[in-house]
Amino acid sequence: MKFKILFVALLFFVSVSNSQPWALVWEDEFDYNGLPNPNKWSYDVGGAGWGNNELQYYTDGRLNNAKVENGNLIITAIKESYGANNYTSARLISKGKGDWLYGRIEVRAKLPVGRGTWPAIWMLPTDWAYGGWPNSGEIDIMEHVGYDPGRVHGTVHTKAYNHSIGTQKGGNLVIADAQSAFHTYAIEWNADTIMFYIDSQKYFMFTRESTWEKWPFDKRFHLLLNIAVGGNWGGAEGVDETI
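Everything in this summary refers to the structure shown in the same document. Computed from a prediction, not measured in an experiment: that's the story for all the values here.

**Details of the overall build of the chain**
Moving on, step 1. Secondary structure assignment for the chain yields zero helices and 18 strands.
Moving on, step 2. For 243 residues, the compact-globule estimate of 2.2 N^0.38 gives 18 Å, and the chain sits close to it at 17 Å.
Moving on, step 3. Taken along the three principal axes of its C-alpha coordinates, the chain extends 50 × 40 × 35 Å.
Moving on, step 4. Looking at the chain residue by residue over its 243 residues, the buried ones come to 53%.
Moving on, step 5. For the chain, restricting intrachain contacts to residue pairs at least 6 apart in sequence, the fraction spanning at least 24 positions comes to 67%.
Moving on, step 6. Measuring between centres, the 21 positive side-chain charges of the chain sit 1 Å from its 26 negative side-chain charges.

Next comes the structure, spelled out in structure tokens:
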């Protein structure tokens, strides 16, 4: 059993003001072959559930789980025994190699198929200035769970607004071919708002509030790309062992 998420481009832009055009400052077009570019990507590694009772072990530098070929970054989750886990996958991070405060980030991706998959394109704070999760924030540019095909979510988490207390702020949009076609998932983040887009459609906006407990998004963040298997959300209706 293999689940795959494919990326064809990842771009980060900044603008000096709302009236100025975006300027490209970081990108990976995946125009090479082999492991993801080590100058841009590292790995989160391990299999202890990642706080969500996930089933996979995230590997480090393993082509079976993360490779670039034919213009795509392909992250693959595989049903196989690996240590104490029954699945492997990869979680790529740009921490220390791509860290930003404000800008537009866009990722063009095709999502995996199957109940039990939980792919994400998301951001975490690099410096955790306000303390551990959720105090320093989380920005989920794209999340999808396989048991709800085609519904794509964008969410923010803060101390005041997070899923552990049922107060998270977010939106979602049905993209019928999200698992068979590429779409561009993006945010535009400035000092006052984070706006969420799929292709050119804005479907959610989070607006700054007065305290860091509600808006910790004035510090630099980095990007994560991964597929989880199972977990509290991804596995809420089980994992289909036949796919």
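Having put the structure on the table, let's press on.
**Description of the nonpolar core**
Moving on, step 1. Within the largest apolar cluster, 46 residues are counted, with the highest numbers of intra-cluster contacts made by Met123, Ile139 and Tyr185.
Moving on, step 2. Considering each element in turn, this core owes the most residues, five residues, to strand S18 (residues 221-229).
Moving on, step 3. When residues no more than four places from it in sequence are discounted, the contact partners of Met123 are Trp100, Ile105, Glu138, Ile139, Ile141, Ile187, Trp189, Phe221, His222, Leu223 and Leu224.

**Some thoughts on the environment of Ala84**
Moving on, step 1. Along the chain, Ala84 falls in the loop between strand S6 (72-82) and strand S7 (85-89).
Moving on, step 2. Along the primary structure Ala84 and Leu55 are separated by 29 residues, whereas in three dimensions their C-alpha atoms are 9.6 Å apart.

**Observations regarding the environment of Gly83**
Moving on, step 1. Of note, Gly83 is situated in the loop between S6 and S7.
Moving on, step 2. Gly83 gets classed as exposed once you look at its relative accessible area, which sits at 80%.
Moving on, step 3. Counting along the chain gives 37 residues from Gly83 to Gly46, while the straight-line C-alpha distance between them is 9.6 Å.

**Let's talk about the side chain of Thr158**
Moving on, step 1. Relative to the helices and strands, Thr158 is located in the loop between strand S13 (151-157) and strand S14 (169-174).
Moving on, step 2. Side-chain polar atoms of Thr158 contact the backbone nitrogen of Ala160, separated by 3.2 Å.
Moving on, step 3. Apart from residues lying up to four places away in sequence, Thr158 is in contact with Pro134, Glu213, Lys214, Pro216 and Phe217.

**As for the pairing of strand S15 (residues 183-189)**
Moving on, step 1. Summarising burial for S15: seven of the seven residues are buried, a large majority.
Moving on, step 2. Residue alternation in S15 divides its side chains into two sets, His183, Tyr185, Ile187 and Trp189 and Thr184, Ala186 and Glu188, and both sets are buried.
Moving on, step 3. Direction of pairing for strand S10 (residues 103-110) relative to S15: antiparallel, over a ladder of seven bridges. Bridge assignment links Arg108 to a residue of S15, and that residue is Thr184.
Moving on, step 4. Two strands pair when backbone bridges link them, and S15 and strand S16 (residues 193-198) are joined in this way by five bridges, in the antiparallel orientation. Bridge pairing in S16 places Ile187 opposite Phe196.
Moving on, step 5. Adjacent in sequence and paired antiparallel, S15 and S16 are bridged by three residues.

**Structural notes on the packing of aromatic side chains**
How two aromatic rings sit relative to each other is given by the distance of their centres and the angle of their planes.
Moving on, step 1. Overall, the coordinates contain 15 aromatic pairs when judged by the stated rule.
Moving on, step 2. Relative to Phe217, the ring of Trp215 lies with its centre 5.4 Å away and its plane at 90°, an arrangement referred to as edge-to-face.
Moving on, step 3. Pairwise contacts between aromatic rings join Tyr102, Tyr161, Trp189, Phe206, Trp215, Phe217 and Phe221 into one cluster.
Moving on, step 4. Positioned over the ring face of Trp50 is Arg91, at 4.4 Å from the centre of the ring.

**Considerations on the pattern of salt bridges**
Moving on, step 1. Within this structure, the stated rule accounts for nine salt bridges.
Moving on, step 2. A salt bridge links Glu106 to Arg104, with the shortest nitrogen-to-oxygen separation between them at 2.8 Å.

**Description of the environment of Gly238**
Moving on, step 1. Note on placement: Gly238 falls in the segment after S18.
Moving on, step 2. Sequence spacing of Gly238 and Gly116 is 122 residues, and the spatial spacing of their C-alpha atoms is 5.9 Å.
Moving on, step 3. Contacts of Gly238, omitting those with residues within four sequence positions, involve Arg115 and Gly116.

**Some remarks on unusual backbone geometry**
Moving on, step 1. In this structure, the amide linkage connecting Trp133 to the following residue, Pro134, adopts the cis form with an omega of 5°.
Moving on, step 2. Tracing the chain through its elements places Pro134 in the loop between strand S11 (117-125) and strand S12 (138-143).
Moving on, step 3. In this model, Asp199 sits at a positive phi of 55°, which is unusual for a non-glycine residue.
Moving on, step 4. Note on placement: Asp199 falls in the loop between S16 and strand S17 (201-207).
Moving on, step 5. The partly exposed category is assigned to Asp199, whose relative accessible area is 33%.

Procedures and definitions
- Residues numbered from 1 in each chain as written.
- Predicted model: local features only at pLDDT ≥ 70, side-chain atom pairs only at ≥ 80, totals over all residues.
- Heavy atoms only, no water.
- Helix = DSSP H or I, 4+ residues; strand = E, 2+ residues; numbered from the N terminus.
- Rg over C-alpha atoms; globule rule 2.2 N^0.38 Å.
- Buried < 20%, exposed > 50% of the residue type's maximum accessible area, 1.4 Å probe, protein only.
- Contact = heavy atoms within 4.5 Å.
- Lys, Arg positive; Asp, Glu negative; His and termini not counted.
- Charge placed at Lys NZ, Arg CZ, Asp CG, Glu CD.
- Core = buried A, V, L, I, M, F, W, Y, C linked by side-chain atoms within 4.5 Å.
- Polar contact = N/O pair within 3.5 Å; in protein donor to acceptor, adjacent residues only side chain to side chain.
- Pairing = 2+ DSSP bridges.
- Phe/Tyr/Trp six-rings, centres within 6.5 Å; stacked < 30°, edge-to-face > 60°.
- Lys NZ or Arg CZ within 6 Å of the ring centre and 35° of its normal.
- Salt bridge = Lys/Arg side-chain N within 4 Å of Asp/Glu carboxyl O.

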